[in-house]
Amino acid sequence: MEPRPAELEHTYLRLTRSLSCRVDEQDYVKIKPKIAALEELARVENRSISLYDINSKSFLLKTDRHMELLGYKNREIEVSRYHRMVHPDDQPFLYDSELQMYRYLEGRDDKMDYKLVYDYRVRATDGSYIRFLHQMAIFACDRDRHAWLMLVISDILQQYPEELHPRRVLLNTKTQKVCLFDKEQELVTSREKEIVRLISQGLDSNQIADRLCISIHTVNNHRQNILAKTQTRHIAQAMYYLRCIGLL
């Protein structure tokens, strides 16, 4: 029996409030140059990048450009209020995804090699919902190797219809294999990535088949596999999704 939404929220809040880190002022001094680099990256790429401090329960960096798109003038919105802006159908999904990530990574020495990739809808000031793709990873650990700083990168999924179910994967960034929410496999194979790159260059299936010396049937099978693995409806969505999460 799956936990009810209220139970998931309670479990999530209890966990996040109980987390603590063994850090001191010197650790914050050492991390400052890295925070400055992230801020510059957000500016150059025009992306929403946040750095959440589990120790202080606050953001050390928050460049939420998508909050402006949603119509909120004050970008410094507390986490609890932000969660209330998430579509009611997607709130349990958000809590469950992050809870499973914490549990999976707890006690692992390689916990910084993973990232949670998930999307959900957030309410704008006009009452409409906009879908965002989020990537969450541990940016720094404390002296006991517990998660200390959480990096969150957000991108807009404007092409996705309102009714599309949210997706989630926990990826090992070194092996590019899925570790949670699906069977363990590469999200896309090297051949599939090659085909997506050729499509992005404007080649059609016939041209790709000629270039790779394979049949058009094989090319089309790869295209269908790419859509299935990324849970997208057409190849443009798949390309954008894979580019956002760094697999292209």
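Details of the structure are given in the entry above.
Definitions and limits used
- Residues numbered from 1 in each chain as written.
- Predicted model: local features only at pLDDT ≥ 70, side-chain atom pairs only at ≥ 80, totals over all residues.
- Heavy atoms only, no water.
- Axes fitted to C-alpha atoms, helices over the stretch in contact; angles between N-to-C directions.
- Helix = DSSP H or I, 4+ residues; strand = E, 2+ residues; numbered from the N terminus.
- Parallel < 35°, antiparallel > 145°, perpendicular 65-115°, else oblique.
- Left-handed = near helix turned anticlockwise from the far one by under 90°.
- Contact = heavy atoms within 4.5 Å.
- Nonpolar A, V, L, I, M, F, W, Y, C, P; charged D, E, K, R; others polar.
- Buried < 20%, exposed > 50% of the residue type's maximum accessible area, 1.4 Å probe, protein only.
- Polar contact = N/O pair within 3.5 Å; in protein donor to acceptor, adjacent residues only side chain to side chain.

(A) Quick look at the packing of helix α8 (residues 216–230) against helix α9 (residues 235–244). At a closest axis distance of 10 Å, the pairing of α8 and α9 adopts a crossing angle of 55°. In terms of orientation, α8 lies oblique with respect to α9. For the pair α8 and α9, the sense of crossing is left-handed. Residue-level inspection shows R223, I226, L227 and T230 of α8 in contact with α9, the latter providing I235, A238, Y241 and L242. Of the residues contributing to the contact of α8 with α9, the split by class is six nonpolar, one polar and one charged.

(B) Molecular detail of the side chain of S97. Structurally, S97 can be placed in helix α5 (residues 91–105). Relative accessible area serves as the criterion here: at 0%, S97 is assigned to the buried category. Looking at S97, its side chain comes within polar contact range of the side chain of R168, at 3.1 Å. Each residue touching S97, except ones within four places of it in the same chain, is listed here: L116, Y118, R168 and F181.

(C) Structural detail: the environment of Y118. Relative to the helices and strands, Y118 is located in strand β3 (residues 114–123). Note on Y118: relative accessible area 2%, which makes it buried. As for Y118 and S154, which are separated by 36 residues in sequence, their C-alpha atoms are 9.8 Å apart. Each residue touching Y118, except ones within four places of it in the same chain, is listed here: F93, L94, S97, E98, F132, L133, H134, M136, R167 and R168. In terms of polar contacts, Y118 uses its side chain to reach the side chain of E98, at 2.7 Å.

(D) Region of interest: the packing of helix α6 (residues 190–200) against α8. At their nearest, the axes of α6 and α8 sit 10 Å apart, and the two run at 100° to each other. In terms of axis orientation, α6 runs roughly perpendicular to α8. Between α6 and α8, the residues in contact are R191, E192, I195, V196 and I199 and H222, R223, N225, I226 and K229, respectively.

(E) Examining α9 more closely. The buried fraction of α9 is high, at seven of ten residues. Residues of α9 that are buried include every one of I235, Q237, A238, M239, Y241, L242 and C244, and no others. Turning to α9, the residues buried within the fold contact β3, β4 (129–141), β5 (147–156), β6 (168–172), α6 and α8. At the exit of α9 stands G246, carrying a positive phi of roughly 85°.

(F) How the structure looks around the environment of R65. Relative to the assigned elements, R65 resides in helix α3 (residues 65–69). Under the relative-accessibility criterion, R65 is labelled partly exposed at 28%. With 183 residues separating them along the chain, R65 and L248 place their C-alpha atoms 23 Å apart.

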